[in-house]
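# Topology and contacts: notes
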Amino acid sequence: MTDATKPAALPAGATIGILGGGQLGRMLSVAASRLGFRSHIYEPGAAPAGDVAHQVTNAPYEDEAALRAFAASVDVVTYEFENVPTSALDLLESLRPIHPNRRALAVSQDRITEKDFLSGIGLTTAPYVAVDDASGLADAVAAVGVPSILKTRRMGYDGKGQIRINDAGQSDWTDAPSVLEGFVDFSAEISVIVARGQDGQVSAFDPGLNVHREGILRTTTVPSGQPSSVLTDAVLIAARIVNALDYVGVMGVELFVTPKGLVVNEIAPRVHNSGHWTQAGCAVDQFEQHIRAVAGLPLGDGGRYADVEMTNLIGDDIDRVPALLAQPKTQIHLYGKGAPRPGRKMGHVNKVL
Ligand code: ATP
Ligand code: MG
C-alpha cells in the first residue's frame, strides 16, 4: 500500500467518542485507554462506562446542543449500541467521522432491512415476511408456516419482543411492526467476531459456540467443536458481510448451523457479548481490535492461544463471585451496575480450559 492510501491514524491522546454507556462501552473505554487514547461516553441513562472514561455526557439523543458539544470534544465517533436515533446520527455525522458507517447501522436497526441485505449478497437467512399489524399475522403464518417466531422489527435484544408461534390460529401480537421468521432447526449456534480496518484488512476471531437460556446468551465456548469446514464457511460469510458494507470496526455475526449449511441469524455492528472470551484467549481482544479499527491503526493479532469458556453473570449469578474469585484460570469482569435484576447482565467470567 502506498502512503497516499494509508488511513491517517489518530495520534496518541486523541479522544474516541462512544455512543452508549453500558458494559460494552466500558470495555471499549478501557481498551482505548490502553492504546493511549481518551474516551468520551454519551449516554442518556445510567452509564457504567462513565466510571472508566475521561468524560461523560448524560443527555438524551434529542439534545442537539449536547450532541454538538460531544462532537466538538472527540476525534471520531463509534457506538456500543445500534439503536441510536437517526436524527442524532445525522447531526454527529455532519461534524465527525462515524465508524462503523451509517449503512451498517441502518441495515442492522431493522430486522427486515437486515435480512433483505443478507439475502441480497447471497447469504441464507430464516424464511421471513414482514407483518405490519395484528391483522396481517394470519397471512404471514400461512406463508411462513409453524413453528415460527414473531419478532419486533426494531429495538429487540436478549430475545425481548419475541413470540413463538406454534399453531396456525395463534394471534398473539408484539404491538409493533414485526417480522415473522420461520423456525430454523439448528444443531448449534455459532458466532463470528470479525474486524475490518480502514485499509480494508479483515481479521476474524475463531468462531465460538453459543448457548442461550431464556433468550439470553449464557455461554460462549472456543473451540466450538464444529468441523473446520463449517468454521471456514462462517468466517467467509462474515468477511463477505463486512466487505459489502465497507465496514470499519468489529461486528458480531450470529449463525445457525444446519444440515443444509449456515443460516445467518443476525448481525450486530459493534463488539458482541459472544466475543468476550477473546479477553482471555487472544493477544488482542475484540475491544482493542475495534478501537484499532476506528482509530485507523492496523488490526492486531486475534489468533486464539487458549481454550476458553465465557459465562455471563445474569441477575443473582453475581452471588457466585466470591466462589469464582477462588477459582484458578478464571478472569472475572464486573460491570459496575446497580442492583441485580432478573435478566440483567452484571458481569461475565472467562475460564481458561
Ligand atoms: P440477542 O440480543 O441475544 O442477539 P435478539 O433479541 O436480537 O437477541 P435473536 O438473536 O433474533 O434475538 O434471537 C435470540 C435467540 O432466539 C437466538 O439466538 C436463537 O437461539 C433463538 N432464535 C431466534 N430466531 C430463531 C429462528 N428463526 N429459529 C430458531 N431459533 C431462533
Ligand atoms: Mg441474537
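As shown above, the structure is provided for reference.
What you see is a predicted model; the values in this text were computed from it and never measured.

## What to know about the site of ligand 1
Around ligand 1, the surrounding shell holds 21 residues, and the nearest of these are Lys 151, Asp 158, Gly 159, Glu 189 and Glu 266. One nitrogen or oxygen atom from the side chain of Glu 189 is found 2.6 Å from an oxygen atom belonging to ligand 1. Burial of ligand 1 by the protein amounts to 90% of the accessible area it has alone, namely 610 Å². Looking at the shell around ligand 1, the elements with two or more residues in it are β6 (148-152), β8 (178-182), β13 (249-258) and β14 (261-268). Residue classes in the shell around ligand 1 are distributed as seven nonpolar, six polar and eight charged. Mapping the shell around ligand 1 onto the domain boundaries places at least three of its residues in each of domain 2 (127-182) and domain 3 (188-352).

## Examining the sheet that holds strand β5 (residues 128-131)
With antiparallel pairing, four strands are arranged side by side in an open sheet as β5-β8-β6-β7. Pairing within the sheet leaves two strands with one partner each, and these edge strands are β5 and β7 (162-165). Averaged over all pairs of adjacent strands, the angle between their axes in this sheet comes to 25°, without regard to strand direction. Across five bridges, the pairing between β6 and β8 is antiparallel. When the bridges of β8 are listed, Ser 148 appears paired with Gly 182. Across the sheet, helix α5 (residues 111-120) lies against β5, β6, β7 and β8, angled at about 150° from β5, the strand it touches most.

## Concerning the packing of helix α2 (residues 64-72) against helix α3 (residues 86-93)
Their axes nearest at 10 Å, the elements α2 and α3 cross at an angle of 40°. Considered as vectors, α2 and α3 are oriented oblique to each other. In this structure, the crossing between α2 and α3 has a hand that is right-handed. Contacts from Glu 64, Leu 67, Arg 68, Phe 70 and Ala 71 in α2 reach Ala 88, Leu 91 and Leu 92 in α3.

## Points about the pairing of β13
Walk down a regular strand and you will see the side chains alternate between the two sheet faces. When you tally the buried positions in β13, you get ten out of ten residues, the bulk of the element. Pairing between strand β9 (residues 188-196) and β13: nine bridges, direction antiparallel. Within β13, the residue paired with Val 192 across the bridge is Val 253. In terms of strand pairing, β13 meets β14 through seven bridges, oriented antiparallel. Considered in β14, the bridge of Thr 258 is made with Gly 261.

## Regarding helix α4 (residues 102-109)
Most of α4 is tucked away, with six of its eight residues classed as buried. Where the residues of α4 are buried, they touch β4 (76-79), α3, α5 and β14. Capping of α4 at its N-terminal end is provided by Asn 101; its side-chain oxygen lies 3.2 Å from the backbone amide nitrogen of Arg 103.

Procedures and definitions
- Residues numbered from 1 in each chain as written.
- Chains lettered and ligands numbered in written order.
- Predicted model: local features only at pLDDT ≥ 70, side-chain atom pairs only at ≥ 80, totals over all residues.
- Heavy atoms only, no water.
- Near = heavy atom within 4 Å.
- Polar contact = N/O pair within 3.5 Å; in protein donor to acceptor, adjacent residues only side chain to side chain.
- Areas by Shrake-Rupley, 256 points an atom, 1.4 Å probe, with all protein chains shown as cover.
- Helix = DSSP H or I, 4+ residues; strand = E, 2+ residues; numbered from the N terminus.
- Nonpolar A, V, L, I, M, F, W, Y, C, P; charged D, E, K, R; others polar.
- Domains from an automatic or database assignment.
- Pairing = 2+ DSSP bridges.
- Axes fitted to C-alpha atoms, helices over the stretch in contact; angles between N-to-C directions.
- Contact = heavy atoms within 4.5 Å.
- Parallel < 35°, antiparallel > 145°, perpendicular 65-115°, else oblique.
- Left-handed = near helix turned anticlockwise from the far one by under 90°.
- Buried < 20%, exposed > 50% of the residue type's maximum accessible area, 1.4 Å probe, protein only.

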